[in-house]
Amino acid sequence: MAAQEMDNSTTWGKELWDQFDNIATHTQKGIDFIERFGGFIRDRSAIEVEYALKLRRLVKNYQPKKSKEDEENEFSSLIAFKNVLKEVADLAGQREVVAENLQNQVLQGILLLAKNLREERKKALNQGATLTQSLHTQIGTLDRAKRSYEKAFREAEKAIESYHKADADFHLSRADVEKQRVNMNIRNSQSEDAKSEYANQLQITNKQQQQHYQIALPEVFNRLQELDEKRTRGMKEFIKRSADVEYEVSPIIAHCLEGIVKAADSINEKDDSMIVIEKYQSGFQPPGDIPFEDLSKPDPDAANNSQTHNSSTGLNHMTGKGTTKDKLKKRVGIFGIFTGNKKILEACINVKNNLSTDGLKEDFSDLPPTQRRKKLTAKVQELQQKVAQEQAASDGLMKMKGVYEANSMLGDPRTVEEQLNESVNRLDRLRHELLRYQKLLEQANNQSFIQHSPQSNRVIQNGQRSSRHSNGSSNHENSHEDNGEDHPDDAGSLSSSASPESGLGTSHTSLPGSGQGSTNEQPMNEEFYEADTPLGTCRALYPFDATSEGSIPMSEGEELQVIEVDQGDGWTRVRRFSSKGWEEGFVPTSYIECTLYA
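Cut-offs applied
- Each chain carries its own residue numbering, running from 1 in the written order of its sequence.
- Under the rules for a predicted model, residues below a pLDDT of 70 receive no local features and side-chain atom pairs below 80 are neither given nor counted, while totals for whole chains, interfaces and linings still include all residues.
- Calculated side-chain values reflect all of the structure's heavy atoms, with hydrogen atoms and water omitted.
- Two rings from Phe, Tyr or Trp (for Trp, the six-membered ring) form a pair when their centres sit within 6.5 Å of each other. Planes less than 30 degrees apart are called stacked, planes more than 60 degrees apart edge-to-face, and all others tilted.
- Starting at the N terminus, helices and strands are each numbered in turn, a helix being any DSSP run of H or I of at least four residues and a strand any DSSP run of E of at least two.
- Burial classes follow relative accessibility: with a 1.4 Å probe on protein chains only, a residue under 20% of its type's maximum area counts as buried, one over 50% as exposed, and anything between as partly exposed.
- Remark: a charge is flagged as sitting over a ring if the NZ atom of Lys or the CZ atom of Arg is within 6 Å of the ring centre and within 35 degrees of the ring normal.
- In plain words, nonpolar cores are sets of buried Ala, Val, Leu, Ile, Met, Phe, Trp, Tyr and Cys residues tied together by side-chain atoms within 4.5 Å.
- Throughout, a residue-residue contact means that at least one pair of heavy atoms, one from each residue, lies within 4.5 Å.
- Working convention for charge: Lys and Arg count positive, Asp and Glu count negative, and His plus the chain ends are omitted.
- Salt-bridge detection follows one rule: a side-chain nitrogen of Lys or Arg within 4 Å of a carboxyl oxygen of Asp or Glu.
- Two strands are counted as paired when DSSP detects at least two bridges linking them.
- Multiplying 1.5 Å by the residue count of a helix minus one yields the expected span of that helix.
- Throughout, bend refers to the angle between the axes fitted to the seven residues that end at a position and the seven residues that start at it.
- In this analysis, axes come from line fits to C-alpha atoms, helices being fitted only over the stretch in contact, and the angle between any two N-to-C directions falls in the range 0 to 180 degrees.
- Note that patches include only residues with greater than 30% relative accessible area and no salt bridge, and the join distances are 9 Å for like charges and 5 Å for nonpolar side chains (Val, Leu, Ile, Met, Phe, Trp, Tyr).
- Method for areas: the Shrake-Rupley scheme with a 1.4 Å probe, in which residue coverage is limited to the protein chains shown.

S.K.: Please explain the packing of aromatic side chains as it appears in this structure.
M.R.: How two aromatic rings sit relative to each other is given by the distance of their centres and the angle of their planes. Per the counting criterion, the structure on display carries 9 aromatic pairs. An angle of 40° between the planes, with centres 6.2 Å apart, marks the rings of Y149 and F153 as tilted. Of this pair, Y149 and F153 both sit in helix α5 (residues 76-168), 4 residues apart, which is roughly one turn of that helix. With a centroid separation of 6.2 Å and 65° between ring planes, the pair formed by F544 and W571 is classed as edge-to-face. Of the two residues, F544 sits in the loop between β4 (536-540) and β5 (559-564) while W571 sits in strand β6 (residues 571-578), which places them 27 residues apart along the sequence. The same class applies to F544 as to W571, namely buried. Cluster of aromatic residues (ring-pair linked, three or more members): Y542, F544, W571 and Y591. Across the ring face of Y437, the terminal group of R436 is positioned such that the distance to the ring centre comes to 5.1 Å. For R575, the ring lying beneath its charged end belongs to W582, and the centroid distance is 5.3 Å.

S.K.: Would you mind showing me how to read the environment of A388 here?
M.R.: Counting through the fold element by element, A388 comes out in helix α11 (residues 369-406). Residue classification places A388 among the partly exposed positions, given a relative accessible area of 46%. Each C-alpha atom of the pair A388 and L430 lies 9.9 Å from the other, and the pair is 42 residues apart in sequence.

S.K.: Explanation requested: the nonpolar core in the structure shown.
M.R.: Across soluble globular proteins, nonpolar side chains have a tendency to be buried as a group. With 20 residues, the main nonpolar core has I34, F37, I41, L102, V106, I110 and F238 as its most contacted residues. Of all the secondary structure elements, the ones that give two or more residues to this core are α3 (20-61), α5 and α6 (174-265). Per-element tally for this core: the top contributor is α5, with 9 residues. Excluding anything up to four places from it in sequence, V106 contacts I41, N101, F238, R241 and S242. Ranked by size, the runner-up nonpolar core spans 16 residues in total, among them C538, Y542, I552 and I592.

S.K.: I tried to follow the side chain of K379 on my own but got confused; where do I start?
M.R.: Within the fold, K379 resides in helix α11. Of the buried charged residues, K379 lacks a salt bridge, with E433 as the closest side chain of opposite charge at 4.3 Å. Non-local contacts of K379, meaning those with residues more than four positions away in its chain, are made with F364, E433 and Y437.

S.K.: Sorry, what's going on with the pairing of β5 here?
M.R.: Pairing geometry for β4 and β5, over 4 bridges, is antiparallel. For R539, the partnering residue across the bridge sits in β5 and is E559. Pairing of β5 with β6 involves 3 bridges; the strand directions are antiparallel. Looking at the pairing, E564 lines up with R573 of β6. Between β5 and the antiparallel strand that follows it, β6, lie 6 residues; G568 among them carries a positive phi value of about 100°.

S.K.: Any chance you could explain the pattern of salt bridges here in plain terms?
M.R.: Two side chains carrying opposite charge are able to pair once their charged atoms lie near each other. Under the counting rule described, the total for this entry stands at 21 salt bridges. The shortest N-O distance in the salt bridge between R573 and E564 comes to 3.6 Å. When its relative accessible area of 5% is taken as the criterion, E564 is described as buried. Several salt bridges share partner residues, and in doing so they unite R44, E48, R95 and E246 into one network.

S.K.: It is not clear to me how α5 should be interpreted in this structure. Could you clarify?
M.R.: Residues three or four positions apart in an α-helix share a direction because the helix packs 3.6 residues into each turn. With 93 residues, α5 extends 134 Å from end C-alpha to end C-alpha; this agrees with the ideal 138 Å at 1.5 Å per step. Of all the bends in α5, the largest measures some 30° and sits at Q103.

S.K.: Even after reading the chapter, I still don't get the sheet that holds strand β7 (residues 581-588), so can you show me in this structure?
M.R.: Strand pairing in a sheet relies on backbone hydrogen bonds, with the paired strands running either antiparallel or parallel. With antiparallel pairing, 5 strands are arranged side by side in an open sheet as β7-β6-β5-β4-β8. Single-partner strands in this sheet number two, and they are β7 and β8 (592-596). Across this sheet, the average inter-strand angle for adjacent strands is 35°, counted without regard to direction.

S.K.: What exactly am I supposed to notice about the pairing of β4 here?
M.R.: Along any regular strand, the residues point their side chains to alternate faces of the sheet. Only one face of β4 is buried, namely the one carrying G536, C538 and A540, since none of T537 and R539 on the opposite face is buried. Across 5 bridges, β4 lies against β8 in antiparallel orientation. If you follow R539 over to β8, its bridge partner there is E593.

S.K.: Would you mind showing me how to read a nonpolar patch on the surface here?
M.R.: The grouping of L58, Y62 and F81 at the surface amounts to a nonpolar patch, some 300 Å² of accessible area in total. For L58, a relative accessible area of 43% puts it in the partly exposed group.

S.K.: Would you mind going over the environment of N421 with me for this structure?
M.R.: Looking at the secondary structure, you find N421 in helix α12 (residues 414-446). Separated by 24 residues in the primary sequence, N421 and L397 place their C-alpha atoms 9.7 Å from one another.

Structure (structure tokens):
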């Protein structure tokens, strides 16, 4: 049926009846070509896989590091970038889908088609070779028959000629003439037989040749033509299929691109600015105006301050052995580091143990007011969640215990009693901790912080650092020592001349008539504090033993008055009333919990 349809149109069997070798070469090149196209699909799939892998590596390398603080206050630009990374990861997944579909749906089909085409071509070429060989064999038979006929015909002609010569020769006997006649007849008979065989072989050859070139070989050529068209049609289908693989993922890719655009649109610079405010706002008030000091007008407190200053200067400038203050300061700075009391070191260790995992104190008292309230709120919410979870676990254990007590077949209630006790203990600890942080948060919310930030508590006057006191005056430290020598800022150092531990400062904590200026040797005069209004109160968190002049000892839980807040050097000036009267001095800021007045 297919051969009849082929006959009605232009076919290889009709048009290329004598191009067997060229057809064989063409079909081989066609199969090689489609296999090469399969190699192209395979290499493209590998590129898609590599591209997806590099995209995923890119997303991993640029993934922002997670931190608890960033999770609480994430900028819209950072959130948008994370969403972009997610979309790019999805794009990588789609490239992997493309690679997989190219391999399974296109490459495998190409390899299977090439294999079938190669087998069909081999069968067709073998059949064509067999038909051609049969035709060549028949033509050889015809040639042999023709040569036999030609030989017999010549021998017959020669016998006839010999007979006619013998018959015309009167010298030959009648027997010799008869012998030539018999030979002639035999040769004529052989010639006729060869002629008949030649005619018969010619007829067979012509019939086979006609069958070969009009039916048998065209069928082979048409099969090769169909095979080649099948290969071409398959090429067309596989190219379209490779495009369809892209089309199938294009909606998802478009959705990813829309997600990237949506992530970009979600960026809000104003919201990010508010997050910066929320993240770094301290809650302190900005410093007020610096008052003008008119040196032409007499200062009513100048006499007292001068007397105090002169007393301190005379005491501190020279030591008993004539050592100047500068030299003594250097000696104290070297040796004072190692002369601390053992209890102070233990208290420092306790302070370190009371720090949270992020380096902050457990009560966040070292943070600015706003940041402290924020941390306390987050801590309260965290503890509330833990309490709820532990309460649910405890209720579950209680129900289980009740079920076991009601039906001993289900289990022994003593098996869960220990777990229940542990859960109750954990719940009590969590509730106690929650109550503690709720009180801290309530105190933080009720306090109105109006003091200035530590950065604004120092002013620079004439190149020297001065501390702002509660009475509005400035105490210029060591102004008489400014001889052009460069003194580094030693705030926070125990050996500093401004540190109360050194005992060398000219602060008005060294009172008139106190001898060495130690508050531990002579009670304070109540009238001296009429101008020093307390800024607030503080409670000692840890015991502190004063080991140097200018400091004051305190016991854990003791209440004191705050006279001067920490100026950035780690010390707070306080006073208290004892059996000896009023005492004043410095204590480490990290050892106390302050509550300032509004």
